[in-house]
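Residues per chain are reported as follows:
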Amino acid sequence: MNYFSLNKKTAPVSFKEAVINGLAPDRGLYFPERISPLSKNFIDNLDSYSNEEIAFEAIKQFVGNEIPEGILKQIVSETISFDFPVVKVKENIGSLELFHGPTLAFKDVGARFMARCLGYFNQNNEKEVTVLVATSGDTGGAVANGFLGVKGVDVVILYPRGKVSDIQEKQLTTLGQNITALEVNGVFDDCQDMVKTAFLDKEISRTLTSANSINVARWLPQMFYYFFAYKQLYKQHPNIVFSVPSGNFGNICAGLMAQKLGLPIRHFVAATNVNDTVPEFMKNGEYNPKASKATISNAMDVGNPSNFIRIQELFDNSFELLKSGLSSFSFTDDLTRKTIKKVYEETNYITDPHGAVGYLGLDKRGLKSDEYGVFLETAHPVKFLDVVEHTLNLKLEIPDDIKELFKKTKKSIFIHTYDELKAFLNA
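Quick notes on the rules
Residues numbered from 1 in each chain as written. Predicted model: local features only at pLDDT ≥ 70, side-chain atom pairs only at ≥ 80, totals over all residues. Heavy atoms only, no water. UniProt positions renumbered as here; feature names shortened; annotations may be inferred. Helix = DSSP H or I, 4+ residues; strand = E, 2+ residues; numbered from the N terminus. Buried < 20%, exposed > 50% of the residue type's maximum accessible area, 1.4 Å probe, protein only. Contact = heavy atoms within 4.5 Å. Pairing = 2+ DSSP bridges. Core = buried A, V, L, I, M, F, W, Y, C linked by side-chain atoms within 4.5 Å. Domains from an automatic or database assignment.

The name an unreviewed UniProt entry assigns to the protein chain is Threonine synthase, from the organism Tenacibaculum skagerrakense. Turning to the protein chain, the UniProt record has this under Catalytic activity (unreviewed entry): "O-phospho-L-homoserine + H2O = L-threonine + phosphate". According to the UniProt record, the Cofactor (unreviewed entry) comment for the protein chain is "pyridoxal 5'-phosphate".

If you want it as C-alpha cells, here you go:
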C-alpha cells in the first residue's frame, strides 16, 4: 500500500515511510492510494468474529506486506487488549466507552498501534527516532504510555501550559525514561504549529516523526471502535448514528473510513465545543480556521483541525456529498455542564465533558424512529474531576492507577518559542 500527500506535490511513499515521516515533505497529510471495501459476507456476520480478527481485517490492507502477518496480528492483539462496551443510556441511545485502556482515553488504541509499528520498523536501526507530538489533553498521556521504554525511540510532547487537566498533565510529565514533556506558553494550535514546522526544518539533526492523528498509524486504528460498536448493536439496531466529540477530527475521520470499508453506518455527527471551524464550514462551505479557545472539553480545543482535509478527500472534495453524510454542531461550556447534569439526573450515567458534547450532537441532529444513536465517551470522567464533581455535586471514585499518579513529581521544560524547541531538539 502506498500513500500520497494530500498537497500532491511529492512522490507517494510506503506505509513504513509514511509512519516514520509523519508528515509529507510538502506539509501534506498522507492518504492511502486505494481503499478496498471488505466483503459483504464479513460485514453481515461481524458478530461471529473476535475483535482481534475484525481489527486485523480492517487494518491489513493499509499495512500491506510491510509487517509480516503474524507480527501484525500480535500488534493488533496487544493494541486492543481491553474492552470497548456500548452501554445503554436510553432506549435509543448508547455510550461507546473508549476509556478502558491504560490512560483512560480513546487515544490509547492509536498510540499503542503506532508504538508497536514504529518499534518493529526501528528494531534494527542504530539511529534513534524522535516522536514529536502536540497534545490538547489526552494524546500526550496515551503516546507517553504507548511508547514508554520502546527501544530506539525518544518521545517529546508539547502541551499548552494551564490548559490540560491535572490528571492529563500528570500522565505526560511523570513517566521519565524516554519521555520528555515541553510546557508551551500558548494554546494547542501553537504546539501543533511548532511540531509541523520542526518536521520541515532541515537544520534539525534528529529523525522526527509525529504521533498526532496526522500520522497514519495513529489515525487508521481508530476505525476499530466503529466495527466493535456495530458488532454489538447491528442485530437489534441496524441503523446507527454516531456522534463523535471532535477536535482534530482524526477519530471521526477514522469512522468515515470504516464506513468506506463497507460498515453500513447511517450518519455521522461531528460535535464540537465553541471551537466551531467545521460547524461553520458546514453552513456555507467556507473554511476559516481561527485561534482556539480554552474550554472544559479541552481535548477538542482546536481551531484548525488537521484531519478535516482527509474527511473532504473521503467525500471526493464535494461539499454536497459531505453534507449528506456528516452533520456538525458546536456547543458552549454552559450547555455542556447542563447536559452532564441532565444525563445523570435522567439516567444515572456520568459523562465527561467530551461525552456530553457527543450526547448534545445526537440531541441536536435528532434520531428517526428506526435509528439508534451512539455517542463516544472518549475519556473517563475522573480525568475531568473538578468539572464533573462540581457539576454533579458528588465525589467520583478514583482508580488506583490515578491515585498513584498524584504521588509522582511533575517534570517538564517550559518553552515560549519555536527556536527554543529547535534548540532542545538539537541539544
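Moving on, there is more to tell.
S.K.: Mind laying out the UniProt feature "modified residue: N6-(pyridoxal phosphate)lysine" (unreviewed entry) in the protein chain, listing which residues take part and the relevant values?
M.R.: According to UniProt, the feature "modified residue: N6-(pyridoxal phosphate)lysine" (unreviewed entry) maps to Lys107 in the numbering used here. In this fold, Lys107 is placed in the loop between strand E5 (93-97) and helix H5 (108-121). Judged by relative accessible area, Lys107 falls into the buried class, the value being 10%. Aside from chain neighbours lying at most four places away, what touches Lys107 is Asp138, Thr139, Ala142, Arg218 and Tyr225.

S.K.: Hey, could you go over the sheet that holds strand E3 (residues 30-32) for me, with residue numbers and the actual values?
M.R.: Strand order in this open sheet of 3 strands is E2-E1-E3, and the pairing throughout is antiparallel. Two strands lie at the open edges of the sheet, namely strand E2 (13-14) and E3, each paired on one side alone. Bridging between strand E1 (residues 2-5) and E3 involves 3 bridges; their strand directions are antiparallel. What sits directly across from Ser5, in E3, is Tyr30.

S.K.: Hey, could you go over the pairing of E1 for me, with residue numbers and the actual values?
M.R.: Taken together, the 2 bridges between E1 and E2 define a ladder with antiparallel strand orientation. Opposite Asn2, over in E2, you have Ser14 as the bridge partner.

S.K.: Lay out the nonpolar core with the relevant residues and their values.
M.R.: Ranked by size, the top nonpolar core spans 121 residues in total, and within it Phe15, Phe147, Phe227 and Phe242 carry the most contacts. A total of 9 residues in this core trace back to one element, the largest contributor, which is helix H10 (residues 223-233). Looking at which domains feed residues into this core, each of domain 1 (83-103 + 218-392) and domain 2 (129-205 + 398-426) supplies at least three. Apart from the residues lying within four places of it in its own chain, the contact partners of Phe15 are Met1, Tyr3, Phe62, Val63, Glu66, Ile67, Phe113, Cys117, Phe121, Val216 and Ala217. Within the second largest apolar cluster, 16 residues are counted, among which are Leu104, Ile167, Ala379 and Leu396.

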